[in-house]
Every structure is written in structure tokens, then in C-alpha cells.
Amino acid sequence: GRAAAVGLLLAARAVAGLEPISVGIAIAAASALTGYLSYTDLFCRFAECCLEEQRLNASALKLELEEKLFGQHLATEVILKALTGFKNNKNPKKPLTLSLHGWAGTGKNFVSQIVAENLHSKGLKSNFVHLFVSTLHFPHEQQIKLYQDQLQAWIRGNVSACASSVFIFDEMDKLHPGIIDAIKPFLDYYEQVDGVSFRKAIFIFLSNAGGDLITKIALDFWRAGRKREDIQLKDLEPVLSVGVFNNKHSGLWHSGLIDRNLIDYFIPFLPLEYRHVKMCVRAEMRARGSAIDEDVVTRVAEEMTFFPKSEKIYSDKGCKTVQSRLDFH
Ligand SMILES: Nc1ncnc2c1ncn2[C@@H]1O[C@H](COP(=O)(O)OP(=O)(O)OP(=O)(O)O)[C@@H](O)[C@H]1O
């Protein structure tokens, strides 16, 4: 009892001081003393561990997406399929690469966060999840060479420390093709690159590329009186392939990622309607612990701007400004 408590205290102090050796000793001591927790169990309770063989809880992910992600039946379906397939495969031939496309504020970052949390419980705060934002991390065109070297070293270092590392690239359409070139070798079907295998890593690319085309198709459905939920992947694929995949101005095309088949799944995000914005407002109220006031919900949703001019169906910014708007009500 007491000795174990001292051991635990020591372990906690060592972890706080970030001294790996004393953490190890203290935890080994604590686990020997307590006798019922394994070293790994205890260690991983204090320090984050990369659990490579950890299975994905597919039903939990499904539930979370269905509950929290509004109006994105296609994204939900494809993400579930991609992740369960990949995580169930003991021997993937290449890392998983997902490319998320859609209008602003439709949930691309939001989904990436959910996916990250389901793979490493600390989500974006995990040491094994890395988020890059083009304009933030790679702002200067003159520095591309430096960024390339740093990024490659960073990816290599992190994947050798944790094979199931997750890398998210936001604003992919603003990413210099040179940077995409730098990550390309990691996405390919190599057994190893410089002694490191990248086959268990996951790369997620976010972009607005194709958002206008996805919106057009959704609008065509709406105008034809068809249900949004009836839109299928095959309705979007041909249009996206012309607009994004064969668009010579798009960074994705320039980099040859597409014609080399390095992207496993293209995931479309549909523009959000008035009713989805309302759902976002309610979700935000719930998250803040306040009671749902339908008058406020309506007022916040009505403050948003909708397009196209004639029908005003889709929110310009998706659910993006909902949180800050709610502060004013
Ligand atoms: N489909 C959705 N379901 C539930 N919440 C959403 C959805 N879309 C957006 N939100 C809410 O709005 C916020 C902003 O969305 P998010 O950052 O995911 O947009 P995005 O698609 O990445 O936009 P951008 O292309 O501008 O980066 C999210 O944090 C989330 O709270």
C-alpha cells in the first residue's frame, strides 16, 4: 500500500520531470510493488504509448460520426470503410492516404480530429498525430528546399518512433507542389525507405479543391427534387476527376499524386444547409452545457449567409462561424 503509493508518486514526479530512465525505474518499482499492473499498463497510463497493434473500435467510430458529423453521409461511409479496411489489414502494402474535399466549414478538420482521436486517444494533442497547415508551416516560397528537408526528416523520425503515426495536411490546395513531392516517396508502395517502413502510417489531405463541383451536383439534386442522401459517390466521381484530378492548375495534379494512384480514397464533403447549421448550433450549446433555446438556434442560423442568390440553400461558411456567433446570444 504505502510503498506502492511512494513508487507511484516517484513515477509521477519522474514523468513530470521527463526523465525517461527514472520514469522507467520508478514505474518498474511501482509495478513490482503493486504487483497487479503490468509495467506497460502503468507506463502507458503516465506517458503516451504508440500501440501499433491496437485495433480500431469501428463501431465506436461509426457511432461518433453518425452522432456528431451532420449532413455528410458520403464522408461518413467512405471514412469508415477506409479505416476499418486499413486497420484490419495486418500487412498493408502502402500507407493509407485520404483526400478530403469540400466547401469551407463543412467538417473536414472536424472529421480529421475525430479520426485522430479514434486512432490515438489524445487526438491532435497526441505525439503521434501531426497537423501541418500550408500557410502556417510552409509560408515562404524561397524556403521550399529547407521545408522539404525538414519535413522528410520529421516524417521519417516520427514513423520510426511510431509506425501508426498520423499526418494531416490542411490547405492542401495552397501547398507548394515541391512539398507534395517531398512526401511522395513515403506514400508509395515501398517496403522500406531508408530502413523505415511507412506502410502503417496514415496521411490525410484536406482541401477546398472540387468544393464548387460538389456543390453544383448537390444543387442539381436539390433542384430536381431529389434527396441529398441519395447522392452517391458515383455521381461525384466523374465530375471530380475532370475538375480536380485533371485540372492542370491544381497542386494535386502537378505533384503526380493522382496519376500514380497514391491517394486511396477521395472523400467529398457536401455543402451544409440551413437545417445542418441549426444542428451545429444545438451541438455547440450542448457542448457548452447550456439548455437548447430554439429561438437562439433560429437566430444564429438566420444570421448566416446562404447561396446561391436565388435559392439560398447552402451556408457560405458551413458551420464555421457558429461558435463565435453563439457568443453574442
Ligand atoms: N458537418 C458538420 N457536422 C458537425 N459540425 C460541423 C460540420 N462541419 C463543420 N462543423 C463545425 O464547424 C467547425 C468548423 O468546421 P471545420 O473546421 O471542420 O471546416 P473545414 O471543412 O475544415 O473548413 P475549411 O475548408 O475552411 O478549413 C467544426 O469545428 C465543427 O464544430
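It should be noted that the structure appears before, not after, this text.
Computed from a prediction, not measured in an experiment: that's the story for all the values here.

Here is what the cut-offs are and how they apply
Residues numbered from 1 in each chain as written. Predicted model: local features only at pLDDT ≥ 70, side-chain atom pairs only at ≥ 80, totals over all residues. Heavy atoms only, no water. Near = heavy atom within 4 Å. Polar contact = N/O pair within 3.5 Å; in protein donor to acceptor, adjacent residues only side chain to side chain. Areas by Shrake-Rupley, 256 points an atom, 1.4 Å probe, with all protein chains shown as cover. Helix = DSSP H or I, 4+ residues; strand = E, 2+ residues; numbered from the N terminus. Nonpolar A, V, L, I, M, F, W, Y, C, P; charged D, E, K, R; others polar. Domains from an automatic or database assignment. Pairing = 2+ DSSP bridges. Axes fitted to C-alpha atoms, helices over the stretch in contact; angles between N-to-C directions. Contact = heavy atoms within 4.5 Å.

## Overview of the site of the ligand
Near the ligand you find 18 residues, and of these Phe70, Gly105, Lys108, Asn109 and Lys320 are the closest. At 3.1 Å, a backbone N or O of glycine 107 approaches a nitrogen atom of the ligand. Here an oxygen atom of the ligand sits 3.4 Å away from a polar atom, N or O, in the main chain of cysteine 319. In isolation the ligand has 630 Å² of accessible area, and contact with the protein removes 85% of it. Here the shell around the ligand gets three residues from one element, more than from any other, and that element is helix α6 (residues 108–119). Of the residues assigned to the shell around the ligand, the class counts are eight nonpolar, seven polar and three charged. Here the shell around the ligand gathers at least three residues from each of two domains, domain 2 (58–269) and domain 3 (274–326).

## Comments concerning the side chain of serine 99
Along the chain, serine 99 turns up in strand β1 (residues 96–102). Polar contacts involving the side chain of serine 99 include one to the side chain of histidine 101, which spans 2.9 Å.

## Here we look at the sheet that holds β1
Read across the sheet, five strands follow the order β2-β3-β4-β1-β5 without closing on themselves; strand pairing throughout is parallel. Since the sheet does not close on itself, it has two edges, and those belong to β2 (129–133) and β5 (265–269), each with one partner. Along the sheet, successive strands turn relative to each other by an average axial angle of 15 degrees, direction set aside. For β2 and strand β3 (residues 166–170), the ladder comprises five bridges, and the chain directions are parallel. Its bridge partner being in β3, valine 129 is matched across the sheet by valine 166. The strands touched by α6 are β1, β2, β3, β4 (202–207) and β5; relative to β4, the strand with the most contacts, the crossing angle is about 170 degrees. Helix α9 (residues 177–187) contacts β1, β3 and β4 of the sheet and is inclined by roughly 145 degrees relative to β4.

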